[in-house]
Amino acid sequence: MDAQSPLPTADEAAARRARRAGLAAVLLAAGAIRLAAIFLGDLLPWDGVYRLQNAIRWAHAPRWQGLSGVWEPAHWYAIGALLRLYDAPLFWVDLLGWLCGVGACWMLYSAVLRWSGRVATATWAGLLLAVYYGHIYLTGSNSVETYYLFFLLGGVNTALAAGLPAARKASGAIVRRPTARATLAGLAIAAAMLLRHEAKVVAIILAAWLALQARRAARGRADGRRADAPSPFQGEGWGEGSSGAAGALQPGGIPADSHPHPVPTASGPPSPSQARERGGVAAAAFALIVLPVLGWLLVEPMVLRGQGFLSQFQSVATQKGEEDALAGLGRRDLLLRWALIPGATPSAVVLALAAGGLWMRRRGLGRDPFAWMFLLQAGPYFAMTLWAGWALQVRYWLIYSVNLLPFAAVALAGVWRWRRAAGAVLLAAAVAMQAGAWWAGYNARRPLGWLPVYRAAPEQAELTRWMRHAPPGWRVLVLPSEKLWDADVARLLAAGEADRPALVYLSAADRLALRRGAAADLAGIDAVILDPQTPAGGAMWRQLARRPRRVLLHSVRVMVIELIGPASD
């Protein structure tokens, strides 16, 4: 809209309505599903609970622990600060999980809208993340990946805006203030780097992409097209044209793509020299934020702990290998996970659509940020599976595969234009495939296990009831049971962190030694919680047979044994 056109044109108004309708559909779906997940799911054990324990301890006794490490402390600094304002851990877990989960869907919608220039494609991408079981599963879990994806996708969204200063957005207007957007992108990616290591790779990719965009602008081009041309990310095949604004809604509420005329501006497109200057400043603004943070995270371990990043990496690789050996996972099992997990969530349907979308956009993949973010994260992790025996997990696959959703949305939007019913059937098939896999795999066929939430086993409730009355001064040795119960969850649900027994865990290496016949050191231990049907739990039960003990809780898969005297031998 220019000085001679103070009112929006009909095409502009229709495009705005379509964008708002698409965003509303994404936010309503994401918000409603994740709200239901909070009420229908149980607290997810493991990393999120352990980080919440750290946050509770930090809230009671704040101390500086740096910003780096295998587990970056920024997460529990933030949660701990909120707990000092209002001491209700599960309230903050649910609220922040819901906000960041819905916010990630919003950021993906906006990023794909800039990337593709099409409301229909952006809407489908947002809906694919809204129904992604792996993402919903983390709602209310305090898992760091929930917060990480919000900041990461927010950074990608604003970086895409900053990197296209001379190209037309989906709205038909010239992208303005690229430096401010690049600065905001840098702050978001810096926040993501303080949450997970993978953001370091994304920061480098986006910095290189912004620099490449500035270089292309220096030749009087914006991503291979003239500065006055439509967005270089438009034109996805399936009969689509090259302009990128969105039109009105089709029946059923899914926005249709149309091709309005370009919207004139008062000054016209920037000249090549202006585009070069703006692009270079934007790239520099992004780099000046993320590169110092990246450098600090690599240097700080040596300054504070005398341990370099590579030595930390090697210790994690060793730990992962011990955990896989303890779980009895061989190399064949680890490789099989690379077929089972992606096929289960986001589902084989979405992967097939992503393959189709990659083919449709094959001519631009060499400079596509989403393609590079997927390749340079999933590729190294797959290599670590082969080299160090790292098992693929749903959470890790989520933060890699989210970069495939834009390509799946390209294909799904094309299918929708061809046959609306086919597009709806494919989305329903993706949800059904995830539901079946979730019920059989992650929730062990428990009631309502087909929902995208964690459904705790009955043993968890039994252990929580015992924990409510456990002596607060006890030191309890815990031999965990995979996906059945978690002692830290029981303590948190019973009465938070205060006045509960202190839980002691054996390392993976010690549990392996226990399985092989070594005796565990029980000095100072008042009780033991174990699963007698696991190898380590069975070995501990045999060791306890040689000393006086009292069974306080006896279930099929969870036992609490009080030690009341020294060993007989």
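Conventions and cut-offs
- Residues numbered from 1 in each chain as written.
- Predicted model: local features only at pLDDT ≥ 70, side-chain atom pairs only at ≥ 80, totals over all residues.
- Heavy atoms only, no water.
- Core = buried A, V, L, I, M, F, W, Y, C linked by side-chain atoms within 4.5 Å.
- Buried < 20%, exposed > 50% of the residue type's maximum accessible area, 1.4 Å probe, protein only.
- Helix = DSSP H or I, 4+ residues; strand = E, 2+ residues; numbered from the N terminus.
- Salt bridge = Lys/Arg side-chain N within 4 Å of Asp/Glu carboxyl O.
- Contact = heavy atoms within 4.5 Å.
- Phe/Tyr/Trp six-rings, centres within 6.5 Å; stacked < 30°, edge-to-face > 60°.
- Lys NZ or Arg CZ within 6 Å of the ring centre and 35° of its normal.
- Pairing = 2+ DSSP bridges.
- Axes fitted to C-alpha atoms, helices over the stretch in contact; angles between N-to-C directions.

K.L.:
Please give an account of the nonpolar core that cites residues and values.
P.N.:
Counting 118 residues, the largest nonpolar core has Leu 129 and Phe 286 as its most contacted members. Take this core: its biggest share by element is 14 residues, from helix H4 (residues 89–116). If you look at the next biggest cluster of nonpolar residues, it comprises 19 residues, including Leu 463, Ala 490, Leu 503 and Ile 529.

K.L.:
So what's going on with the pattern of salt bridges? Which residues, and what values?
P.N.:
The full count for this structure, using the stated rule, is seven salt bridges. The shortest N-O distance in the salt bridge between Arg 395 and Glu 145 comes to 3.4 Å. You can see Arg 395 sitting in helix H14 (residues 394–401) and its partner Glu 145 sitting in helix H7 (residues 144–162), a full 250 residues away along the chain. A single salt-bridge network, built from bridges that share partners, covers Asp 47, Glu 145, Arg 196, Glu 198 and Arg 395.

K.L.:
Kindly report on the environment of Gly 343, identifying the contributing residues and their values.
P.N.:
Tracing the backbone through its elements, the reader meets Gly 343 in helix H12 (residues 331–360). The class of Gly 343 is buried, set by a relative accessible area of 18%. With 94 residues separating them in the primary sequence, Gly 343 and Ala 437 have C-alpha atoms 9.0 Å apart. For Gly 343, the residues in contact, after removing those within four places along its chain, are Ala 348, Leu 351 and Met 433.

K.L.:
Can you explain the packing of aromatic side chains? Please cite residues and give values.
P.N.:
Applying the stated rule across the entire model yields 22 aromatic pairs. For the pair Tyr 50 and Trp 71, a centre-to-centre distance of 6.5 Å together with 20 degrees between the ring planes defines the contact as stacked. With a gap of 21 residues between them, Tyr 50 in helix H2 (residues 47–60) and Trp 71 in the loop between H2 and helix H3 (74–85) connect regions that are remote in the sequence. Geometrically, the ring pair formed by Tyr 137 and Trp 438 is edge-to-face, given 4.8 Å between the ring centres and 80 degrees between the ring planes. A residue pair is termed long-range when its members are at least 10 positions apart, and Tyr 137 in helix H6 (residues 133–137) and Trp 438 in helix H16 (residues 420–442) qualify at 301 residues. A relative accessible area of 0% means that Trp 438 is categorised as buried. An aromatic cluster of three or more residues is present, and its members are Trp 338, Phe 374, Tyr 381, Phe 382, Trp 390, Tyr 396, Trp 397 and Tyr 400. The ring of Trp 71 is capped by Arg 51, whose NZ or CZ atom sits 4.3 Å from the centre of that ring. In this arrangement the basic side chain of Arg 549 is found over the ring face of Trp 541, its NZ or CZ atom lying 5.0 Å from the centre.

K.L.:
Could you give an account of the sheet that holds strand S6 (residues 502–505), with specific residues and numbers?
P.N.:
Ordered in space as S6-S5-S7-S9-S8, the five strands form an open sheet in which the pairing is mixed. Edge strands, defined here as strands with exactly one partner in the open sheet, are S6 and strand S8 (549–554). Neighbour-to-neighbour, the strand axes of this sheet turn through a mean angle of 25 degrees, independent of strand direction. By the bridge criterion, four bridges tie strand S7 (residues 527–530) to strand S9 (residues 559–563) in an arrangement that is antiparallel. Following the sheet pairing, Val 528 is matched in S9 by Ile 561. Seen against the sheet, helix H18 (residues 487–495) touches strand S5 (475–478), S6 and S7 and runs at an angle of roughly 170 degrees to S6. Contacts between helix H20 (residues 535–544) and the sheet are confined to S5, S7, S8 and S9, with S7 contributing the most and set at about 145 degrees to the helix.

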